[in-house]
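Summary of structural features
Now for the letters of each chain:
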Amino acid sequence: MEEKKQFGLIHIYCGDGKGKTTAAVGLCVRASGRGKKCLWTSFLKDYDSGEFLGKPPFNLYLGEPVQQFVFTMSEEQKKAVAEEHTNRLRDVFQKASDEGYDLLVLDESIASCNLNLIPVQRLVQLLREKPSRLEVVLTGRDPASELVELAHYVSEIHPVKHPYDTGIPSREGIES
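Here goes a summary of the coordinates provided. (Residues numbered from 1 in each chain as written. Predicted model: local features only at pLDDT ≥ 70, side-chain atom pairs only at ≥ 80, totals over all residues. Heavy atoms only, no water.)

**Overview of the overall build of the protein**
What counts, and what does not: Helix and strand assignments follow DSSP, with helices taken as H or I runs no shorter than four residues and strands as E runs no shorter than two, numbered in order from the N terminus. With the radius of gyration taken over C-alpha atoms, the globule rule is written as 2.2 Å times the number of residues to the power 0.38. Whether two residues touch is decided by their heavy atoms; if any such pair falls within 4.5 Å, the residues are in contact. Here the accessible surface of atoms and residues is derived via Shrake-Rupley with a 1.4 Å probe, and residues count as covered only by protein chains that are part of the display. His is not counted here, nor are the chain ends, while Lys and Arg score as positive and Asp and Glu score as negative. The atoms used to mark charge sites are NZ of Lys, CZ of Arg, CG of Asp and CD of Glu.
Broken down by element type, the protein carries five helices and six strands. Helices and strands in the protein line up, N terminus first, as β-α-β-β-α-β-α-α-β-α-β. At 16 Å, the protein has a C-alpha radius of gyration in line with the 16 Å of a compact globule built from 176 residues. Pairs at least 24 residues apart make up 74% of the contacts formed inside the protein by residues separated by at least 6 positions. Summed over all atoms, the accessible surface of the protein reaches about 10300 Å², with 50% contributed by carbon and sulfur. The positive charge centre, built from 22 side chains, and the negative charge centre, built from 26, are 5 Å apart in the protein.

Here it is as structure tokens:
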């Protein structure tokens, strides 16, 4: 009997609520539990968060940590980050293809597109050209319509209630 095609779709986890990255980690846990090979890269982060500590259920493709908000960067700093993000995007798709990964997570890639650090058309092109077996997850707020159109799953996370609204700060191991 022919094996059913189980991978190769595109996911978007978006919205203003907490849990987009957490949902992507959960999918990596599920996939790796079934013997799938997972690759993860995060944009606009400094890697000082729980999902990067210890032994995660995915291989990390680290980029240059982003240590400050984009709105505080000089034009020269933004240009350097944009070049690094765009090059890493190309490289991570190549690695996923060359090394036979089943799942690729592009954490905060949507935010990077929205901040003009990754050209959205370049991401769309890479998604269209990806290996047919490669499942890809994009996270971030306000995905471009081109990305939504291309995706097979779009899950929007909305906050109904959040402890931050009552003055409770981010907690290690829960929000970071």
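**Overview of the side chain of E51**
To keep things clear, this is the line we draw: Burial here depends on accessible area, computed with a 1.4 Å probe over protein chains only, as a share of the maximum for the residue type. Under 20% is buried, over 50% is exposed, and the range in between is partly exposed.
For E51, the position within the fold is in the loop between β2 (38-42) and β3 (59-60). When its relative accessible area of 18% is taken as the criterion, E51 is described as buried.

**Some points on the packing of helix α2 (residues 75-98) against helix α4 (residues 120-129)**
In plain terms, the rule: The axes used here are C-alpha line fits, helices contributing only the stretch in contact, and every angle between their N-to-C directions lies in the interval 0 to 180 degrees. We call two directions roughly parallel when the angle between them is under 35 degrees, roughly antiparallel when it is over 145, roughly perpendicular when it lies between 65 and 115, and oblique otherwise. As a working rule, the residues Ala, Val, Leu, Ile, Met, Phe, Trp, Tyr, Cys and Pro are called nonpolar, Asp, Glu, Lys and Arg charged, and the rest polar, with Gly in that last group.
Running from N to C, α2 and α4 cross one another at 5°; their axes reach a closest spacing of 11 Å. When the axis of α2 is compared with that of α4, the two are roughly parallel. Of the residues in α4, those touching α2 at L89, R90 and F93 are R122, L123, L126 and L127. Looking at side-chain class alone, the contact of α2 with α4 contains five nonpolar, no polar and two charged residues.

**So, the pattern of salt bridges**
Counted only if it meets this: We count a salt bridge whenever a side-chain nitrogen from Lys or Arg sits within 4 Å of a carboxyl oxygen from Asp or Glu.
Inspection of the entire model under this criterion finds seven salt bridges. A salt bridge links E51 to K45; the shortest N-O distance between them is 3.9 Å. Linking R90 and D91 is a salt bridge whose minimum nitrogen-to-oxygen distance equals 2.9 Å. By relative accessible area, R90 is classed as partly exposed at 39%. A cluster of three or more residues bridged by salt bridges with shared partners is formed by K45, E51 and D107.

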